[in-house]
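Read off the chains here:
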Amino acid sequence: MNIEQKVLMAKRGDQAAFTELILEKKSSLYRIAYSYTRNREDAFDVVSDAVYKAYISLHKLNEPAQFYTWLIRILINCALNLRKANGRLVLTDKPLSQETDAREDQDALIDLYQAIDALGEPEKTIIILKYLEDMTIEQVAAVMNSPVGTIKTRLNRALKELRLELKEAII
Amino acid sequence: MKEHQSTGAQNAYNALKCPAEMDMVVRRAVDRAHKAKKQSLLSKRTLLPVAAALLASVLTLNAMPEFGRAMEQLPGIGWVVRAVRLENYLLGGAITDGQEVGPITISRNTIEITFTQGQSATQTAPWFKTTKQDYPHGLLLELQGVRSLFAGGVMPEITSSPLIRNTYRIITLDDSAQRIMFTFNGPVEVTVTEVASPAGIRIKVAPGQTAATARRYAVRTSSHDVGEQIGIKEGVLNAALGWPESGVRMLQDNQGKHFVEAGLFATRELAEAFIAKIRSTGQVDFALQIEQRGPSDIPVFIAP
């Protein structure tokens, strides 16, 4: 069964179909949320909030094929709202060894997040979606509801800033 | 950030473990939302009957004859599941299997499609998608869980409609899917109504606003007899361009042959660039042509 069919079933009140759609992307949803919160519990809260809002407003989704684009947009808004509510991000209070397995991954992740944190919005979101979630420019534009040209301009700006930030590090 | 440069960052990011608790977080959120939605519906239901009773007393006398006539025009005496004036596309029906498209009737401005299973009319329409088409104006009906068409797919003749030009079946290599294209003489407004018990789809067309007059450049294959060969070409183009966002479609030309169109462009240069892009995938080994077409023009025959 494809995404459109599952979304159609979910729109008709099929709770299991909706849950399945979310669980299929749970890793992506968690990683994106974590990129903003840098804290496991807060990332759970963001995902939970986004899933709740998506279920309640699913009837407003006109194009079932765009379900994940729409869901990620909701997720990012929830993450930004939480950040607004909490003020500046708090660095994780748990050792990263709980989050990744390999030592080099932990180091790379710390460098990466420090560099991304230095970016403002919407550049941060663009970098996360384009380079970490591996989306195309068009998909990023769809999530952010912005023209492709605008995304390209902001991406270039973000890359310049990132290069300065990371210098010869992981990127 | 160059490709090789991003690998380290991407690996680190992908190595971020998704905690086992995520399943529980998601399920709890869905449960919470489901309960909240149910609660909200219950509140509405307690208020709606009062409002509905008031409305009914005002509207019944005036509206009933009109409503009755409208219902009589639907296939069988099914009840309306949804009725939508089409802007782009509509999804409807339910996931079923083994249905057959029954007789299709076309009157002046209305197309009615019925469904059967065995010898009986079905109660719920199969999963369907209706999509408005341009260059030329038309409507594509895609059906899932439908294994055959009435009378082997012979479409009804159109003799009395000023708006509906023709209708034809489009081959699909999926034996549980069917596609039917309806072509219109000009811009139209389309209303799609899904009915149940018995199941049917009613497509009503009315003259539409004058659409854009600009000519477009279509990137397409040559014309073919209806058969597997053209179905394979469609599959190859879909794979090269990334289905389902590929925009690839199959159409009939002015000699009744079929071809696959990969895209429509405002200028010849853009169409040529698109062909180059397709070639660069290395997946398409057949010729692609450029055809200039107006919004109401029927595509022309291009010899293989």
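None of these values were measured; they are calculated from a predicted model.

Observations concerning the overall build of chain B
Next up, step 1: Counting secondary structure elements, chain B contains four helices and 16 strands.
Next up, step 2: The burial tally for chain B puts 29% of its 304 residues in the buried class.

What about the sheet that holds strand 16 (residues 289–293) of chain B?
All names here are of chain B.
Next up, step 1: The strand order across the open sheet formed by four strands is 14-15-13-16, and the pairing between neighbours is antiparallel. Edge strands, defined here as strands with exactly one partner in the open sheet, are strand 14 (249–252) and strand 16. Recorded for the sheet is a direction-independent mean angle of 45 degrees between the axes of neighbouring strands.
Next up, step 2: Bridge analysis of strand 13 (residues 216–220) against strand 15 (residues 258–265) gives four bridges, and the strand direction is antiparallel. Bridge pairing in strand 15 links Ala 218 to Leu 264.

Focus: helix 2 (residues 15–24) of chain A
Next up, step 1: Within the span of helix 2 of chain A, buried status applies to Phe 18, Thr 19, Leu 21 and Ile 22 of chain A. Seen end-on, helix 2 of chain A carries its buried residues on one side only, within an arc spanning 160 degrees.

Points about the packing of helix 1 (residues 3–11) of chain A against helix 2 of chain A
Residue and element names in this part refer to chain A.
Next up, step 1: One way to put it is that helix 1 packs onto helix 2 with a least axis distance of 7 Å and a crossing angle of 135 degrees. The angle between helix 1 and helix 2 places the two elements in the oblique class. Handedness of the crossing formed by helix 1 with helix 2: left-handed. Between helix 1 and helix 2, the contacting residues are Lys 6, Val 7, Met 9 and Ala 10 on the first element and Ala 17, Phe 18, Glu 20 and Leu 21 on the second.
Next up, step 2: The residue makeup of the contact of helix 1 with helix 2, split by class, is six nonpolar, no polar and two charged.

Quick notes on the packing of helix 7 (residues 123–132) of chain A against helix 8 (residues 137–144) of chain A
All names here are of chain A.
Next up, step 1: Helix 8 packs onto helix 7 with a crossing angle of 135 degrees between their chain directions and a minimal axis gap of 9 Å. One element, helix 7, and the other, helix 8, form an angle in the oblique class. Crossing of helix 7 over helix 8 shows right-handed handedness. Residues Thr 125, Ile 126, Leu 129 and Lys 130 of helix 7 pack against Ile 137, Val 140, Val 143 and Met 144 of helix 8.

As for the sheet that holds strand 7 (residues 138–144) of chain B
Residue and element names in this part refer to chain B.
Next up, step 1: Strands sit in the order 2-6-7-10-9 across an open sheet of five strands; the sheet is antiparallel. Strands at the two margins of the open sheet, each flanked by one partner only, are strand 2 (89–92) and strand 9 (164–170). The average angle at which neighbouring strand axes cross in this sheet is 15 degrees, direction not considered.
Next up, step 2: Note: strand 9 against strand 10 (residues 177–184), six bridges, orientation antiparallel.

Notes on the pairing of strand 4 (residues 110–117) of chain B
All names here are of chain B.
Next up, step 1: By the bridge criterion, five bridges tie strand 3 (residues 99–106) to strand 4 in an arrangement that is antiparallel. Of the residues in strand 4, the one forming a bridge with Ile 106 is Ile 111.
Next up, step 2: A loop of three residues connects strand 3 with strand 4, the two strands running antiparallel in sequence.
Next up, step 3: As paired elements, strand 4 and strand 12 (residues 200–207) share five bridges and run antiparallel to each other. By the bridge assignment, Glu 112 is partnered in strand 12 with Arg 202.
Next up, step 4: By the bridge criterion, two bridges tie strand 4 to strand 5 (residues 120–121) in an arrangement that is antiparallel. Following the sheet pairing, Gln 117 is matched in strand 5 by Ser 120.

Rules and cut-offs
- Residues numbered from 1 in each chain as written.
- Chains lettered and ligands numbered in written order.
- Predicted model: local features only at pLDDT ≥ 70, side-chain atom pairs only at ≥ 80, totals over all residues.
- Helix = DSSP H or I, 4+ residues; strand = E, 2+ residues; numbered from the N terminus.
- Buried ≥ 20, exposed ≤ 12 C-beta atoms within 10 Å, placed from the backbone.
- Pairing = 2+ DSSP bridges.
- Axes fitted to C-alpha atoms, helices over the stretch in contact; angles between N-to-C directions.
- Arc of directions from axis to C-beta.
- Parallel < 35°, antiparallel > 145°, perpendicular 65-115°, else oblique.
- Left-handed = near helix turned anticlockwise from the far one by under 90°.
- Contact = placed C-beta atoms within 7 Å.
- Nonpolar A, V, L, I, M, F, W, Y, C, P; charged D, E, K, R; others polar.

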